[in-house]
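Below, each chain spelled out in residue letters.
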Amino acid sequence: MKKAIQTTLALSIALALTACNNDNNDAPPPTPTTMDIAGGAVKGALALATVNVYAASDTAKAAVLATSQTDANGDYTVQVTDETGAAITGAFLIEVVADEDTTMICDASVCGTLAYGDTIPTEELKGLSLSTISYSDGEAIDADVNSLTTMATDSILASAALEGSALDLGNVTAASFLTLQEDASEIVGAILGVDLSESNIFAIDIVDASKADTVSTTDSIAATLTLINASLTSLDVADDSSLADEIVKYLDAVEVVTATLLADPEADLGTGDSAAALATVNATQAQIADEVDMIAAAVVAETGGDDIPVKDVPTEVDEDALADTVGDIITGTGGTGGTGGTGGTGS
């Protein structure tokens, strides 16, 4: 009798477990969540370039969350998916890389032997990498990519990489992220000699200057930044180099100068690696200052319309003003050098 009871009990348990397993197997899988990112890649329109999305916290770029390609106009859309159905929130790094398919329109007065509006071939562009950093609360986001968003993004990432930095790239609010963008914009403005203390580079409509009728004739900040972005296409290219190499060399130099001051706003930029970087930045700044006016003239000649409201662009970096700007940000609200953070895991 005892054995019969034990057998019956064991059978009941087995049947119950089987029922539970069947219930679990019958449960529908979670519905994946998605988040769309769209924008334009403008250093001239970068056509057929690769677009990769990373979590901002993935500073090693170890895991591509989504990938796409720009179209013939440099525009892109890409979708991030979470198969578990979790909300997709936080900060994301969007990188546009020129590869063996990429071409670009000359948006400067001249681009080597090419004229304004001509197509720059792949071999001059391969290896060019531009980026931006953006935040989503689960909704779709717009994220344009250009050389100036790259400089500002590098500023945020450089600050997060500092030893002892309080920036947590995996945890930030929308409000804190906006402050980070504004502070990084102010630093880029100080490098370029353009007051961006009330601006956010990531939200400014920096357009393709080769499309002359899209360049603002009313907004001096948007017009000036558009022309500065375009001016990099006119950089002198050495015989053993390419346009991509020269642009990357400049962007890397800006990053070195910025990172040096974020680590110590009183640092002497005339020594060590920062001295060579500053020399590169100043040499490029002189070319930018000249080219901005020349592109403005080319745009007006193309449209036959109003003059472009261009702000004065200095021929070299004001080191004291730059150091003061970085120092004020660090000792003020935190921002890119303080207690803020740049975002989530994208999961």
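If you're wondering where the values come from, they're calculated on a predicted model, not measured in any experiment.

Peer 1: Lay out helix H7 (residues 319-331) in plain terms, naming residues and giving numbers.
Peer 2: The terminal C-alpha atoms of H7 lie 18 Å apart, and with 13 residues this matches the ideal 18 Å at 1.5 Å per residue to within 8%. Restricting attention to buried positions, one finds in H7 the residues Leu322, Ala323, Thr325, Val326, Gly327 and Ile329. Buried residues belonging to H7 abut helix H3 (174-192) and helix H5 (243-263). If you check the start of H7, you find a side-chain oxygen 3.3 Å away from the backbone N of Asp320, and it comes from Asp318.

Peer 1: So, a negative patch on the surface: which residues are in play, and what are the values?
Peer 2: Taken together, the side chains of Asp268, Glu316, Asp318, Glu319, Asp320, Asp324 and Asp328 define an acidic patch exposed on the protein surface. As for its position among the elements, Asp324 is in helix H7.

Peer 1: Could you give an account of unusual backbone geometry, naming the residues involved and the relevant values?
Peer 2: Its identity as a non-glycine residue notwithstanding, Leu48 has a phi of 60 degrees, on the positive side. Tracing the chain through its elements places Leu48 in the loop between strand E2 (46-47) and strand E3 (50-55). Of note in this structure, Lys61 is not a glycine but carries a positive phi near 55 degrees. For Lys61, the position within the fold is in the loop between E3 and strand E4 (66-69). Lys61 gets classed as partly exposed once you look at its relative accessible area, which sits at 35%.

Peer 1: Any details on the packing of helix H2 (residues 147-161) against H5? Residues and values, ideally.
Peer 2: Contact pair H2 / H5: the axes reach a minimum separation of 9 Å and the direction vectors enclose 35 degrees. In this structure, H2 crosses over H5, and the sense of that crossing is right-handed. Two secondary-structure elements touch here, H2 through Ser147, Thr150, Met151, Asp154, Ser155, Ala158 and Ser159 and H5 through Tyr250, Leu251, Val254, Glu255, Thr258, Ala259 and Leu262. By residue class, the composition of the contact of H2 with H5 is seven nonpolar, five polar and two charged.

Peer 1: Please set out the confidence of the model for the chain residue by residue, giving values where relevant.
Peer 2: On average, the chain scores 89 in pLDDT, and the residues at 70 or more come to 88%. Within the model, the stretch residues 1-11 combines pLDDT values under 50 with zero contacts to residues more than four positions away or in other chains. In this model, residues 333-347 is a region of pLDDT below 50 whose contacts with residues beyond four sequence positions or in other chains number 78 contacts.

Peer 1: Residue-level account of the sheet that holds E3, with values.
Peer 2: Strand order in the open sheet formed by four strands is E4-E3-E6-E11, and the pairing between neighbours is antiparallel. One side of each edge strand has no neighbouring strand; the edge strands of this open sheet are E4 and strand E11 (129-136). For this sheet, the mean angle separating the axes of adjacent strands, direction not counted, is 20 degrees. As defined by bridge partners, E3 adjoins strand E6 (residues 90-97) across six bridges and the pair is classed as antiparallel. Each bridged residue has a counterpart across the sheet, and for Asn52 the counterpart in E6 is Glu95. On the sheet, H2 packs against E6 and E11 and is oriented at approximately 65 degrees with respect to E11. Helix-sheet contacts for H3 involve E6 and E11, and the interaxial angle to E11 is about 150 degrees.

Procedures and definitions
Residues numbered from 1 in each chain as written. Predicted model: local features only at pLDDT ≥ 70, side-chain atom pairs only at ≥ 80, totals over all residues. Heavy atoms only, no water. Helix = DSSP H or I, 4+ residues; strand = E, 2+ residues; numbered from the N terminus. Expected span 1.5 Å × (residues − 1). Buried < 20%, exposed > 50% of the residue type's maximum accessible area, 1.4 Å probe, protein only. Contact = heavy atoms within 4.5 Å. Polar contact = N/O pair within 3.5 Å; in protein donor to acceptor, adjacent residues only side chain to side chain. Patch = residues over 30% accessible without salt bridge, like charges linked within 9 Å, V, L, I, M, F, W, Y side chains within 5 Å. Areas by Shrake-Rupley, 256 points an atom, 1.4 Å probe, with all protein chains shown as cover. Salt bridge = Lys/Arg side-chain N within 4 Å of Asp/Glu carboxyl O. Lys, Arg positive; Asp, Glu negative; His and termini not counted. Charge placed at Lys NZ, Arg CZ, Asp CG, Glu CD. Axes fitted to C-alpha atoms, helices over the stretch in contact; angles between N-to-C directions. Left-handed = near helix turned anticlockwise from the far one by under 90°. Nonpolar A, V, L, I, M, F, W, Y, C, P; charged D, E, K, R; others polar. pLDDT = per-residue confidence, 0-100. Pairing = 2+ DSSP bridges.

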